[in-house]
Protein chains: 2
Amino acid sequence: MRALNLTLLTDLYELTMMQGYFKNPTDQVVVFDAFYRKNPCGGGYAIAAGLEQIIEYVRDLHFSPDDIDYLKSLNIFDSDFLEYLRGFHFTGDIYAIPEGTVVFPREPLLKVIAPVMEAQLVETAILNLLNHQSLIATKASRVVYAAKGDGVMEFGLRRAQGPDAGLYGARAAMIGGCIGTSNVLTGQMFHVPVKGTHAHSWIMSFPDEYTAFKTYASLYPNACILLVDTYDVLNSGVPNAIRVFKEMKEAGLPMKGYGIRIDSGDLAYLSKQAHRMLSEAGFGDAIISASSDLDEYLIESLKAQGAKINSWGVGTNLITCNDNPAFGGVYKLAAIKNKEDSDFVPKIKLSENVEKVTNPGNKTIMRIYDKATGKIRADLICLEDEVFNPEEDMIIFDPMATWKKTKLAGGSYILRELLVPVFQKGHCVYTSPSVMEIRDICQKELDTLWDETRRFTNPQEVFVDLSDKLYKIKSELLEKMGQAAIE
Amino acid sequence: MRALNLTLLTDLYELTMMQGYFKNPTDQVVVFDAFYRKNPCGGGYAIAAGLEQIIEYVRDLHFSPDDIDYLKSLNIFDSDFLEYLRGFHFTGDIYAIPEGTVVFPREPLLKVIAPVMEAQLVETAILNLLNHQSLIATKASRVVYAAKGDGVMEFGLRRAQGPDAGLYGARAAMIGGCIGTSNVLTGQMFHVPVKGTHAHSWIMSFPDEYTAFKTYASLYPNACILLVDTYDVLNSGVPNAIRVFKEMKEAGLPMKGYGIRIDSGDLAYLSKQAHRMLSEAGFGDAIISASSDLDEYLIESLKAQGAKINSWGVGTNLITCNDNPAFGGVYKLAAIKNKEDSDFVPKIKLSENVEKVTNPGNKTIMRIYDKATGKIRADLICLEDEVFNPEEDMIIFDPMATWKKTKLAGGSYILRELLVPVFQKGHCVYTSPSVMEIRDICQKELDTLWDETRRFTNPQEVFVDLSDKLYKIKSELLEKMGQAAIE
């Protein structure tokens, strides 16, 4: 479909740094973590997404002759380095949290272990893909949550930030729980349901609204959602729709999947009035679909007002995540070793802001579920070789306030390692589920959160703790750096 | 580079409506206007962008056998319609405002005149491309304005909403006035300067900061911007940078394009202190570059605080237009005629919201410049066949408050038609300038605005008036519709 040579979709500094390492040869193998610091939209969680596209990107990585020529034209790169790029491919390991999983701040969603030049090159595109899709999947899950079981359709392509934002944004929206998208290309590429009705222009291109409705009904009697707000919802749109529905009923049509769409005005008032009019005419089961600058807050408010809407088309605010349009994922060096060494040396980046100090070492994440309820108790970031026995008691503590301790009784909790192998020595060892399968996974994942974490205002934070061993390494590194600063 | 078959990048309803028209044959030729209603970020203008990609999209439009198979699999489309799609290509006319032009609400940025099926199909992708790039070009022009002549670099790829948002967002940012981008693929595809230095990981992969700096300086002595905030800006980063600069100077290097980058912390304080330290060491001309969640407001504030920054790397907030991530462009039916008729019948869409009532008819836009200053006096939306003589007095009026009249003396103003032909009978008749040429055009365009319109808070609105003839047609249509509603 789309031939993606995205090898040059990177920041220039990745390439200048690569040349730096090339000119100062090193056997360094490094660990980079991709993680984020703050849940989008002030929420209590995020949804990991974008891994399938990251896999494609890493698999396809290669510098074409055109790419080499272009880089040469910049007069920054020497011919020996360009020759190296000509034969470049990724030889490292990648671990990632599967798509559709609920995730929390500071957890590595993806970990790259590779020679430093390779690990550096892939930074920008990995972040781009992970940031975008995780953002939209998270936003979609919030909108779907507000709709309380009603279907939510993704309608945002025209307002998306470019073709890919529409294409992959709709993919992510499906993962987050939408029941369909208007985006036909997404439907084709990812085998997800496509949905839609008609535009105001359809109505306006006929002599009158009734004729437009009638023509549409004759074309699509089994998916006849009529757009009623071109002229006047209650005085023209709904009466004309009822007239057409009556004719359909008289013609013996099964009357399934029929209804109206309201795209402007006071949705609470109009939907209640429309529902009353439809019910009085014997069409109380008509779908009432709404689509007008919706988001999770507006849907929640309309529900609270008793709006008679049971189908939601959400565009701009979902596809751009308008109240928080960037996920903020970063990619930070966590450990280094020489190729022949067995152990990694943990590395840390300081910051004036305590929250921004990175977690050092080659890590993984253990998710701790409460055995009785299946809900998440906490996540534990630990070193990748740590072993925990869920039959034993476990004491976890808040790394920002170490006196806040919790004891989990042995046998009361289940452990699951979140990071799974995706690439091993440059070979992909992971098969992505289909988007609809990831959507199912995501629904189950969301069920592992309490409603208190899913709510929009002041959600309860899920604890992300550090293992005792990791906490000690981090403290020692900080102490050493602080000591060095005053010497 | 990227094989783009974006024919299915459309909303499903465009295709279901097309089938509707196919099944109810019509000779209708229609006029659709793409316009927006509100300037992004509360500003006083926007920058048109994205036309080059729209041209590529329209030129490439075709349904591949795979596309037809996919559409067939949906069980919505009949074989005769699919057969029609197999031979589909665009045969209509497109007019557009050239990229880089300053534009205002309610003006058609692009106008499609085509058989209704064709005009309908292209809606979604045209809006997607126009909305995205116009948004980012506008945001970039604001950030560049705040920087008051300092260079602004686009650094946002990792936070962009997918690959295209990074790729074309950087293109649009260049149009809006950035001096370069970190995005190598944008550099390659659009022949714009690429820029960059190194990351914290570069510093951390060396035994100490000084060694990292020294190594970088030996690699790139003519573009040696050292990132000084990995450990401690004033106690470690700047002193180490000064040590390296001294060594470079002693080695007889020309010391051009050298300096530091600060990526965190209090940029006002740190830049002033760093500048003092650099100056005392004889490096008062060092570049001080900043890059930390910047936008136009923060840059304006840093300037007001006397921050010693003269180079700006702007990422997330530019590439997503974070405070207003959707442009809001719409595509509305304005007129219809039968193929054999010469005159279009104007069409109007009503709305509860007076501002949302569309402007009917086959229109164009005349820009009125003040001859003495070269600044824009007003824009006039008129019918495409209206003729104005700039030697005669012209009276313009606010269409929302018709008593607000202005008389322009004959000879004191210059007229320019903004819409230019892009496609004629399906053939492209327009050649896009290069991105750097569009950037130059945009700089000149911005000079046609008063500073009062460019400021961020309460900008002075540029008047967009309707011609007398258009105003009368609109009023009559509204009157007729209002009359019909009460009958």
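Sequence order as written defines the numbering, with residues in each chain counted from 1. Just so you know, chain letters begin at A and ligand numbers begin at 1, following the order they were written in. Restriction of local features to residues with pLDDT of at least 70 applies here, the model being predicted, together with a cutoff of 80 or more for giving and counting side-chain atom pairs; totals for whole chains, interfaces and linings are based on all residues. As a rule here, side-chain values come from all non-hydrogen atoms in the structure, and water together with hydrogens is ignored.

## Quick look at the overall build of chain A
Then, number 1: By definition, any uninterrupted DSSP run of H or I lasting at least four residues is a helix, any uninterrupted run of E lasting at least two residues is a strand, and each is numbered from the N terminus. Summing up its helical and strand segments, chain A has 17 helices and 21 strands in all.
Then, number 2: Overall, chain A is about 85 × 60 × 40 Å in size when its C-alpha atoms are taken along their principal axes.
Then, number 3: Buried means the residue's accessible area, taken with a 1.4 Å probe over protein chains only, is under 20% of the maximum for its type, while exposed means over 50%, and partly exposed covers the values in between. Evaluated residue by residue, chain A yields a buried proportion of 61% over its 487 residues.
Then, number 4: We call two residues in contact whenever any of their non-hydrogen atoms come within 4.5 Å of each other. Taking all contacts inside chain A whose residues are at least 6 apart in sequence as the whole, residues at least 24 apart take part in 73%.
Then, number 5: Here the Shrake-Rupley method, with its probe set to 1.4 Å, supplies the accessible areas, and only the displayed protein chains count as covering residues. As displayed, chain A offers around 18100 Å² of accessible surface, 50% of which is attributable to carbon and sulfur atoms.
Then, number 6: The charged-residue count follows a simple rule in which Lys and Arg add positive charge and Asp and Glu add negative charge, with His and chain termini not counted at all. The atom standing in for a charge is NZ when the residue is Lys, CZ when it is Arg, CG when it is Asp and CD when it is Glu. The positive charge centre, built from 50 side chains, and the negative charge centre, built from 63, are 4 Å apart in chain A.

## A short note on the relation of the copies chain A and chain B
Then, number 1: Expressed as a screw operation, the relation of chain A to chain B combines 0.0 Å of axial shift with a rotation of 180 degrees, fitting to an RMSD of 0.0 Å. Interpreted geometrically, this transformation is the action of a two-fold axis.
Then, number 2: When the interface residues of chain A are mapped onto chain B, 100% of them are again interface residues, pointing to one common binding face. Residues below a pLDDT of 70 in either copy are left out; the C-alpha atoms of the rest, at least 70 in both, set the least-squares superposition of the copies.

## Quick word on the packing of helix α7 (residues 163-175) of chain B against helix α15 (residues 435-446) of chain B
Residue and element names in this part refer to chain B.
Then, number 1: Angular values range over 0 to 180 degrees, each being the angle between N-to-C directions of two axes fitted as lines to C-alpha atoms, with helices fitted over their stretch in contact. Where α7 contacts α15, the two axes come as close as 7 Å, and the packing angle between them is 40 degrees. In terms of their interaxial angle, α7 and α15 are classed as oblique. Of the residues in α15, those in contact with Arg171, Met174 and Ile175 of α7 are Val435, Met436, Ile438, Arg439 and Cys442.
Then, number 2: Three residue categories are used. Nonpolar comprises Ala, Val, Leu, Ile, Met, Phe, Trp, Tyr, Cys and Pro, charged comprises Asp, Glu, Lys and Arg, and polar comprises the others, including Gly. Within the contact of α7 with α15, the residues separate by chemical class into six nonpolar, no polar and two charged. An angle counts as roughly parallel when it lies under 35 degrees, as roughly antiparallel when it exceeds 145, as roughly perpendicular when it falls between 65 and 115, and as oblique in every other case.

## Remarks on helix α6 (residues 123-146) of chain A
Then, number 1: Given the number of residues in a helix, its expected span is that number minus one, multiplied by 1.5 Å. Taking 1.5 Å of rise per residue, the 24 residues of α6(A) would be expected to cover 34 Å, and the 35 Å separating its terminal C-alpha atoms lies within 8% of that figure.
Then, number 2: Among the 24 residues of α6(A), 23 are classified as buried, and the element is accordingly described as predominantly covered.

## Topic: the UniProt feature "domain: Nicotinate phosphoribosyltransferase N-terminal" (unreviewed entry) in chain A
Then, number 1: The positions UniProt marks with the feature "domain: Nicotinate phosphoribosyltransferase N-terminal" (unreviewed entry) are residues 8-131 of chain A.
Then, number 2: Overall, residues 8-131 of chain A shows 44% helix and 18% strand. The separation of its end C-alpha atoms is 18 Å. UniProt positions are given in the numbering used here, feature names are shortened, and annotations may be inferred rather than shown by experiment.

## Some details on unusual backbone geometry
Residue and element names in this part refer to chain B.
Then, number 1: In this structure, arginine 106 is a non-glycine residue whose phi angle is positive, near 75 degrees.
Then, number 2: Its place among the elements puts arginine 106 in the loop between β4 (102-103) and β5 (110-115).
Then, number 3: Look at methionine 255: it is not a glycine, yet its phi comes out positive at around 55 degrees.
Then, number 4: Tracing the backbone through its elements, the reader meets methionine 255 in the loop between α11 (233-250) and β9 (259-262).

## Digging into the pairing of strand β11 (residues 311-314) of chain A
All names here are of chain A.
Then, number 1: Burial along β11 is two-sided: Ser311 and Gly313 facing one way and Trp312 and Val314 facing the other are all buried.
Then, number 2: One bridge is not enough; two strands pair if DSSP finds at least two bridges between them. Direction of pairing for strand β10 (residues 287-290) relative to β11: parallel, over a ladder of two bridges. Bridged to serine 289 within β11 is serine 311.
Then, number 3: Handedness of a crossover is defined as follows: orient the strands so they point away from the viewer, and if the path from the first strand over the helix to the second runs clockwise, the crossover is right-handed. Each parallel crossover has a hand, and the one from β10 via helix α13 (residues 296-304) to β11 is right-handed.

## A word on the sheet that holds strand β8 (residues 225-227) of chain B
Strands in a sheet are paired, the pairing made by backbone hydrogen bonds, and the direction either parallel or antiparallel.
Residues and elements named next belong to chain B.
Then, number 1: Taken in spatial order, the six strands of this open sheet run β7-β6-β11-β10-β9-β8, and their pairing is parallel. Strand pairing shows two members of the sheet lacking a second neighbour, β7 (180-181) and β8, which therefore form its edges.
Then, number 2: The pairing of strand β6 (residues 151-154) with β7 spans two bridges and is parallel. Looking at the pairing, glutamate 154 lines up with threonine 181 of β7.
Then, number 3: Helix-sheet contacts for α11 involve β8 and β9, and the interaxial angle to β9 is about 160 degrees.

## Comments concerning the packing of helix α10 (residues 209-219) of chain A against helix α11 (residues 233-250) of chain A
Residues and elements named next belong to chain A.
Then, number 1: Two elements in contact, α10 and α11, have axes separated by 9 Å at closest approach and are oriented at 40 degrees. Put simply, α10 runs oblique to α11. For the crossing formed where α10 meets α11, the hand is right-handed. In this structure, α10 contributes Glu209, Tyr210, Phe213, Lys214 and Ala217 to the contact, and α11 contributes Ser236, Gly237, Asn240, Ala241, Arg243, Val244, Glu247 and Met248.
Then, number 2: Each residue belonging to the contact of α10 with α11 can be placed in one class, and the counts come to six nonpolar, three polar and four charged. The hand of a helix crossing depends on one turn: near helix anticlockwise from the far one by less than a right angle means left-handed, and clockwise means right-handed.

## Here we look at the interface of chain A and chain B
Then, number 1: Taken together, the contact pairs 91 residues of chain A with 91 residues of chain B.
Then, number 2: What counts as buried area is the accessible surface, traced by a 1.4 Å probe, that two parts surrender upon association, with contributions from both included. Counting the surface lost from both chain A and chain B, the interface buries some 8000 Å², and carbon and sulfur atoms represent 59% of this.
Then, number 3: For the chain A face of the interface with chain B, the top three residues by lost area are A:Arg158, A:Gln161 and A:Met204, together amounting to 11%.
Then, number 4: A carboxyl oxygen of Asp or Glu within 4 Å of a side-chain nitrogen of Lys or Arg is what we treat as a salt bridge. The closest approach of N and O atoms between B:Arg158 and A:Glu14, which form a salt bridge, is 3.7 Å.
Then, number 5: Polar contacts, as counted here, are pairs of nitrogen or oxygen atoms within 3.5 Å of one another; within protein the pair requires one atom able to donate a hydrogen and one able to accept it, and residues that are adjacent in sequence qualify only if both atoms are side-chain atoms. For the interface between chain A and chain B, the tally reads 45 residue pairs in polar contact (both at pLDDT 80 or more).
Then, number 6: Counting residues per element, the side of chain A that touches chain B draws most heavily on helix α1 (residues 12-23) of chain A, at 10 residues.

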